[in-house]
Number of protein chains: 2
Amino acid sequence: MIRVSILGTGNVATHLFRAFLKSEEIEVVQVVGRNSEALRAFSGQTRTLSDFSNIREADVFIIAVKDDVIVKVSEYVNHIKGLVVHTSGSVSIAALSACHRYGVFYPLQSFSKDSAVDMRSVPICLEAHDSPDTDLLDTLATTISDKVYRVDSTRRKTLHLAAVFVNNFTNHLYHIGQHICEQNELPTEILQPLIRETAAKLERLKPYDAQTGPARRGDNKTIDRHLEQLKSSEFKEIYEMMSASIGKLYR
Amino acid sequence: MIRVSILGTGNVATHLFRAFLKSEEIEVVQVVGRNSEALRAFSGQTRTLSDFSNIREADVFIIAVKDDVIVKVSEYVNHIKGLVVHTSGSVSIAALSACHRYGVFYPLQSFSKDSAVDMRSVPICLEAHDSPDTDLLDTLATTISDKVYRVDSTRRKTLHLAAVFVNNFTNHLYHIGQHICEQNELPTEILQPLIRETAAKLERLKPYDAQTGPARRGDNKTIDRHLEQLKSSEFKEIYEMMSASIGKLYR
């Protein structure tokens, strides 16, 4: 049995908590957070407290808070014997070096509060300062996920950067696509199957091989016509830059 | 029973053919194409021929060829009584105006030859010069798809433009993400669940509401660090432009 404490009440804290509850090998001994409203969602299922100076012992303390308050929250547990980890993609393991034992437990997924995620398919990236602690994190991670990776801080930051491209920027392209549809009285859900298939195709094809469209073909007539159709200079710039980058890749 | 002829042997022709074969209300009377190798994939299942001047009568002739040869192929059937349609997102219906009856049958999906697609979930966008022909196309489309839309040429071109953003450009972002992983000895499949969830989330959330990340938060410290990490000036430019566009949207 691994005793876990969760420090934080946001999306990552909530999704990890739900996954841990399902496992018989994990006991969530407490959830700690300042926001008493958010804390209420956890009450009845574990001990909840808003007073960080009143934290009980546990094997692993998971700090699931915003990047810029990780260090501050860690000060409440740096005297403790348990292993302290944060869940951030872009913060170094060294941010926790004032703790006795420390590491990182980074689930690579974009969590939304009201939307269920199958944690078994979420990659969890692990790192610990001491090698036995990596094994402990490994045991913890494999109870909730089938995809556990050991990734050091440098590579984790790179992974976070790659995630910004495939998640944040992709989502922005979805926004632009839907915006174009709305402005032309086309139902936005008409793009949905194409979006789904574009993502699903990656299971079978490398994106390099899956690419289609005017930029890949070097079809400048269509590209010019599309640029004419676009009214927003911002969208025009994005169109031009992405097309140029695709064009360069295939020629 | 609707008798259909397919002119062309590429991805769109292949996927439509497979879908039509499953329907008892449709008979594919012939597939016509110059490429005898490609034509062979259809033989045994319908009449195949490479001689365009030897085409038999049918109710609907579907021209599924590259945009720039649609007009040329249509010349083989412009004397015919049947309805002639093309399958392009960006070519106007007027390209077929030399035919007696003409229209458009545009399936909005990115087809790859070796990858099965559930045609029932593929939006089919219809347009016909004469109103009774729109009804005929509607009957044809609903036998293979649950998502049939009537979309005129102007809006169809806009839709095709939106599709370039959510399909071609998104796929390029996948390529960049995987490239960053490969260069840093991270397994590329580690991004897969995030990519899948980013697309799946759209069924429940608008992309405007689903957005997360440093650009949305206005977290310039992380943005600057990411720009430092990027070695390629091209990827840097894409990162900056996308982040600026997201930043503008939320402030």
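Residues numbered from 1 in each chain as written. Chains lettered and ligands numbered in written order. Predicted model: local features only at pLDDT ≥ 70, side-chain atom pairs only at ≥ 80, totals over all residues. Heavy atoms only, no water.

### Some remarks on the overall build of chain A
Broken down by element type, chain A carries 10 helices and eight strands. C-alpha extents for chain A along the principal axes are approximately 65 × 35 × 30 Å. Across the 251 residues in chain A, those meeting the buried criterion constitute 58%. Summarising the internal contacts of chain A: among those between residues at least 6 apart in sequence, 53% fall at separations of at least 24. Here chain A has roughly 10,700 Å² of accessible surface; of this, 47% comes from carbon and sulfur atoms. Charge separation in chain A, taken as the distance between the mean sites of 30 positive and 31 negative side-chain charges, equals 2 Å. (Helix = DSSP H or I, 4+ residues; strand = E, 2+ residues; numbered from the N terminus. Buried < 20%, exposed > 50% of the residue type's maximum accessible area, 1.4 Å probe, protein only. Contact = heavy atoms within 4.5 Å. Areas by Shrake-Rupley, 256 points an atom, 1.4 Å probe, with all protein chains shown as cover. Lys, Arg positive; Asp, Glu negative; His and termini not counted. Charge placed at Lys NZ, Arg CZ, Asp CG, Glu CD.)

### Observations regarding the packing of helix α9 (residues 220-229) of chain B against helix α10 (residues 233-250) of chain B
A pair of packed helices can be characterised by two numbers: the angle between their axes and the separation between those axes. All names here are of chain B. Look at α9 against α10: their axes get within 9 Å of each other, and the N-to-C directions meet at 165°. Comparing the axis directions of α9 and α10 gives the class roughly antiparallel. α9 and α10 meet at a crossing whose hand is right-handed. Residue-level contacts link T222, I223, H226, L227 and E228 of α9 to K236, Y239 and E240 of α10. Considering only residue class, the contact of α9 with α10 consists of three nonpolar, two polar and three charged. (Axes fitted to C-alpha atoms, helices over the stretch in contact; angles between N-to-C directions. Parallel < 35°, antiparallel > 145°, perpendicular 65-115°, else oblique. Left-handed = near helix turned anticlockwise from the far one by under 90°. Nonpolar A, V, L, I, M, F, W, Y, C, P; charged D, E, K, R; others polar.)

### Quick look at the sheet that holds strand β3 (residues 47-49) of chain A
Residue and element names in this part refer to chain A. Pairing within the open sheet is mixed, and its eight strands lie in the order β3-β2-β1-β4-β5-β6-β7-β8. Strands at the two margins of the open sheet, each flanked by one partner only, are β3 and β8 (148-150). Averaged over all pairs of adjacent strands, the angle between strand axes in this sheet comes to 25°, irrespective of strand direction. Pairing of strand β4 (residues 60-63) with strand β5 (residues 83-86), which is carried by four bridges, proceeds in the parallel orientation. (Pairing = 2+ DSSP bridges.)

### Some words on the relation of the copies chain A and chain B
The transform that puts chain A on chain B rotates by 180° and translates by 0.0 Å along the axis, for an RMSD of 0.0 Å. The superposition operator between the copies reduces to a two-fold rotation axis. Closest approach to the rotation axis within chain A is made by the C-alpha atom of T170(A), at a distance of 2.7 Å. Of all interface residues in chain A, 100% are interface residues in chain B too; the two copies therefore contact each other through one and the same surface. (Least-squares fit on C-alpha atoms with pLDDT ≥ 70 in both.)

### Examining the interface of chain A and chain B
A common way to report how large an interface is uses the accessible area buried once the components associate. Listed as interface residues are 85 residues of chain A and, on the opposing side, 85 residues of chain B. Here chain A packs against chain B, burying approximately 8,400 Å² in sum over the two surfaces, 64% of which is carbon and sulfur. The interface formed by chain A and chain B holds six salt bridges in total. At the junction of chain A and chain B, the tally comes to 32 residue pairs in polar contact (both at pLDDT 80 or more). Of all the elements in the fold, those that place two or more residues in the side of chain A that touches chain B are α5 (153-183), α6 (192-200), α7 (207-210), α9 (220-229) and α10 (233-250) of chain A. A per-element tally of the side of chain A that touches chain B places α5(A) first, with 26 residues. Looking at side-chain class alone, the side of chain A that touches chain B contains 42 nonpolar, 27 polar and 16 charged residues. (Buried area = accessible area lost by both parts, 1.4 Å probe. Salt bridge = Lys/Arg side-chain N within 4 Å of Asp/Glu carboxyl O. Polar contact = N/O pair within 3.5 Å; in protein donor to acceptor, adjacent residues only side chain to side chain.)

### Some remarks on the packing of aromatic side chains
All chains considered together, the criterion is met by 14 aromatic pairs over all chains. Taken together, a centroid distance of 6.5 Å and an interplanar angle of 45° make the contact between F20(B) and F105(B) tilted. A residue pair is termed long-range when its members are at least 10 positions apart, and F20(B) in helix α1 (residues 11-21) and F105(B) in strand β6 (residues 101-107) qualify at 85 residues. The residues F20(B) and F105(B) share a single accessibility class, namely buried. Taken together through their ring pairs, the aromatic side chains of F165(A), F169(A) and Y239(B) make up a single cluster. (Phe/Tyr/Trp six-rings, centres within 6.5 Å; stacked < 30°, edge-to-face > 60°.)

### Some details on the environment of L83(B)
Residues and elements named next belong to chain B. Position of L83 among the secondary structure elements: in strand β5 (residues 83-86). Taking relative accessible area as the criterion, L83 reaches 0% and is therefore assigned buried. Not counting residues up to four positions away in its chain, the partners in contact with L83 are D59, V60, F61, R101, Y102, G103, D133, L136 and L137.

### Here we look at the sheet that holds strand β1 (residues 2-7) of chain B
All names here are of chain B. Pairing in this open sheet of eight strands is mixed, and the strands run β3-β2-β1-β4-β5-β6-β7-β8 from one edge to the other. In this open sheet, the two edge strands, each paired with only one partner strand, are β3 (47-49) and β8 (148-150). Averaged over all pairs of adjacent strands, the angle between strand axes in this sheet comes to 25°, irrespective of strand direction. Taken together, the three bridges between strand β2 (residues 26-32) and β3 define a ladder with parallel strand orientation. In the sheet register, V31 faces β3, and the bridge partner there is T48.

### Structural notes on the nonpolar core
Counting 112 residues, the largest nonpolar core has F165(A) and F165(B) as the members making the most contacts within it. Ignoring any residue separated from it by four or fewer positions in sequence, one finds F165(A) in contact with T170(A), L173(B), I176(B), I180(B), L230(B), F235(B), I238(B) and Y239(B). (Core = buried A, V, L, I, M, F, W, Y, C linked by side-chain atoms within 4.5 Å.)

### Observations regarding helix α4 (residues 131-144) of chain B
For α4(B), spanning 14 residues, the distance from its first C-alpha to its last is 21 Å, which sits close to the expected 20 Å at 1.5 Å a residue. For α4(B), every residue scored as buried is listed here: D133(B), T134(B), L137(B), L140(B), A141(B), T143(B) and I144(B). (Expected span 1.5 Å × (residues − 1).)

### Topic: the pattern of salt bridges
Per the counting criterion, the structure on display carries 24 salt bridges over all chains. The partner of R150(A) in a salt bridge is D138(A), and the shortest N-O contact between them spans 2.9 Å. Of the two residues, R150(A) is situated in strand β8 and D138(A) in helix α4 (residues 131-144); the sequence distance between them amounts to 12 residues. A salt bridge links R204(B) to E197(B); the shortest N-O distance between them is 3.0 Å. Salt bridges sharing common partners tie together D135(A), D138(A) and R150(A).

### A short note on the confidence of the model for chain A
A low pLDDT score tells you not to read the predicted coordinates there in detail. In this model, chain A carries an average pLDDT of 95, and 100% of its residues clear a pLDDT of 70 or more. Predicted complex, confidence summary: ipTM 0.93, pTM 0.93. (pLDDT = per-residue confidence, 0-100.)

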